[in-house]
Amino acid sequence: MIKPDRAEVLRLLSVTDKAELTQLFQRAYEVKKQFVGTKVYFRGIVELSNVCKKNCYYCGIRSGNSDVERFTLSKDEAVTSALWAYDQQYGSVVIQSGERDDAQFVDFIEDIVSTIREKSNHELGITLSLGEQSEETYKRWYAAGAHRYLLRIETSNRELYRKLHPADHDWEYRVNCIRTLKRIGYQSGTGVMIGLPYQTLEHLVDDIMFFYDEDIDMIGMGPFIPHEDTPLANALPEYNEAEHLDLALKMIAVCRIVLKDVNIASTTALQALKSDGREMGLLAGANIIMPNITDTKYRGNYQLYRGKPCLDENANLCRGCLEKRISSIGEEIGYAQWGDSPHYHKPDS
Ligand code: 5AD
Ligand code: SF4
Ligand code: FES
């Protein structure tokens, strides 16, 4: 894929005129059709635990928030959820949690991954989204059967990263994790938050260049949504949901237009801003949906941002609801398939 042109990316991200926006989304949709098709692939998300050792200033489950009741699923609960997704022919699951790197946690994940793998006859795809870990840990989890990893860089700009995190959260280390994951052989996913405090359009251009330079296979990004119990609760005095949504959709569209064959998720945060936000994401170029399959009794305590949808809807309801949403825009679900990013090539061994 040829390197995107910065000026062109900036020009596309700057579109605000309604008619031009519609054109931009249509153009992205054409590129999507050509490079990845119009099948939507599901990744059932298991929110494994809201225990986190980090303290990101934007996040509702940061360690400094004492108003959250902390939970961790049992192995049995996690495996049962994943196998439910397998029975529903979801093709693949994502195990996500707050960040922990103690030996007990590393063993726990390894055990869960190998059990899911075995009980799904090695068919269910397993993606991990468990933050920064040592190379050894990443290797163990890969050997246990995980084959994709999501680690959002949050922003490709070091200075902006520093403003949004405590001093001991290290941007360089995070980038190195992404590189290590690729080297091990994982399909690598990253992403950013869009509409962050202090973020400019130039930063978003840099984010897209970062995805290109790091040769990323999968992109998961969504609008920043303030959470009341965080230091950034009031950091955007002019916060406007409609504008935020448009900006996030533009990022999806421009990524599709310039990066072409990567997988792009239409994330839940889009739906927090507008009830049909995820459909809009698909129409702007995204091709992946991550239905929440966590038991409703835990969902309320996994609120990273305000207004997260589907808190009371169980996995079955979400499934039916998403099926309707997807068919309403004339797309089809790629059941029982991994739906790998066509961009991914296994590293030479
Ligand atoms: N708004 C939007 N996204 C958020 N995340 C965390 N807090 C927020 C927020 N307030 C995202 C981060 C993280 C992912 C799991 O959730 O990008 O990587
Ligand atoms: Fe923890 Fe992730 Fe939230 Fe940061 S964004 S506090 S690492 S759960
Ligand atoms: Fe969860 Fe509609 S997507 S209930």
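As a reminder, the structure under discussion sits directly above these lines.
**Q** Help me out: how do you make sense of the side chain of threonine 137 in this one?
**A** With respect to the helices and strands, the residue threonine 137 is situated in helix H5 (residues 135–144). Given the relative accessible area of 8%, threonine 137 is considered buried. Reaching out from threonine 137, the side chain makes a polar contact with the side chain of serine 134 at a distance of 3.0 Å.

**Q** So what exactly am I meant to see when it comes to the site of ligand 1 here?
**A** Residues in close proximity to ligand 1 include Tyr58, Cys59, Gln96, Arg152, Glu154, Met193, Pro223, Phe224, Ile225, Leu304 and Tyr305, which together make up its full environment. Here an oxygen atom of ligand 1 and a side-chain polar atom of arginine 152 are 2.8 Å apart. Between ligand 1 and leucine 304, the relevant distance is 3.5 Å, taken from a nitrogen atom to a main-chain nitrogen or oxygen of the residue. Expressed as a share of its isolated accessible area of 400 Å², the protein-covered part of ligand 1 is 87%. Along the lines of polarity and charge, the residues of the shell around ligand 1 split into eight nonpolar, one polar and two charged.

**Q** Looking at this model, I keep getting lost on the pattern of salt bridges. Mind explaining?
**A** Close approach of charged atoms allows side chains of opposite charge to pair. Tallied over the entire structure, the rule returns 29 salt bridges. Ionic pairing is found between lysine 297 and glutamate 77, a salt bridge with its closest N-O pair at 3.6 Å. Linking lysine 297 in helix H12 (residues 296–299) with glutamate 77 in helix H3 (residues 75–87), this pair joins segments that are 220 residues apart in sequence. With a relative accessible area of 55%, lysine 297 lands in the exposed category.

**Q** In this structure, what is going on with helix H13 (residues 315–328)? I would like to understand it.
**A** Three- or four-residue spacings in an α-helix give side chains the same orientation, since the helix completes a turn every 3.6 residues. For H13, which comprises 14 residues, the first-to-last C-alpha distance of 20 Å matches the rise-based estimate of 20 Å (1.5 Å per residue) to within 8%. Buried within H13 are the following residues: Ala315, Cys318, Arg319, Leu322, Arg325 and Ile326. All buried residues of H13 fall inside an arc of 135 degrees around its axis, so they share one side. For H13, the exposed residues set more than 90 degrees away from the buried face come down to Leu317, Lys324 and Ser328.

**Q** I'm lost on the site of ligand 2 in this one. Help?
**A** Taken together, Cys52, Lys54, Cys56, Tyr58, Cys59, Ile61, Arg62 and Gly98 make up the full set of residues adjacent to ligand 2. Of the residues that constitute the shell around ligand 2, the class distribution is five nonpolar, one polar and two charged.

**Q** I tried to follow the pairing of strand S8 (residues 218–223) on my own but got confused; where do I start?
**A** Regular strands have side chains that alternate between both faces of the sheet. Counting buried positions along S8 yields six of six residues, so the element is predominantly enclosed. Where strand S7 (residues 193–194) meets S8, two bridges bridge the pair, whose relative direction is parallel. Looking across to S8, one finds that isoleucine 194 is bridged to proline 223. Viewed along the sheet, the connection from S7 through helix H8 (residues 201–213) into S8 turns out right-handed. Here four bridges tie S8 to strand S9 (residues 263–266), and the two strands are oriented parallel to one another. Its bridge partner lying in S9, methionine 221 is registered against serine 266. Considered for its hand, the β-α-β crossover made up of S8, helix H9 (residues 241–259) and S9 is right-handed.

So, how was this worked out
- Sequence order as written defines residue numbering, which begins from 1 separately in each chain.
- Think of it this way: whatever chain is written first is A, whatever ligand is written first is 1, and the rest follow in order.
- Only residues with pLDDT of 70 or above have their local features reported here, since the model is predicted, and side-chain atom pairs are shown and tallied only from 80 upward, although totals for entire chains, interfaces and linings are computed over all residues.
- To obtain the side-chain values, all non-hydrogen atoms of the structure were used and water was disregarded.
- The numbering of helices and of strands both runs from the N terminus, where a helix is a DSSP run of H or I of at least 4 residues and a strand a run of E of at least 2.
- Think of it in three bands: residues with accessible area under 20% of the maximum for their type are buried, residues over 50% are exposed, and the middle band is partly exposed, with areas taken using a 1.4 Å probe on protein chains only.
- Counted as a polar contact is a pair of N or O atoms within 3.5 Å, where, for protein atoms, one must be capable of donating a hydrogen and the other of accepting one, and residues adjacent in sequence contribute only when both atoms are in side chains.
- For this purpose, a residue is taken to be near a molecule or strand whenever a single non-hydrogen atom of the residue falls within 4 Å of it.
- Here, Shrake-Rupley sampling with a 1.4 Å probe gives the accessible areas, and only protein chains in the shown set may cover a residue.
- The classification used treats Ala, Val, Leu, Ile, Met, Phe, Trp, Tyr, Cys and Pro as nonpolar, Asp, Glu, Lys and Arg as charged, and all other residues, Gly among them, as polar.
- Just to be clear on terms, a salt bridge is a Lys or Arg side-chain nitrogen sitting within 4 Å of an Asp or Glu carboxyl oxygen.
- A helix is expected to span 1.5 Å for every residue after the first.
- Working note: the arc is built from the helix axis to C-beta atom directions.
- Whether two strands pair comes down to DSSP finding at least two bridges between them.
- Every crossover in which the path from the first strand over the helix to the second runs clockwise, viewed with the strands pointing away from the viewer, is termed right-handed.

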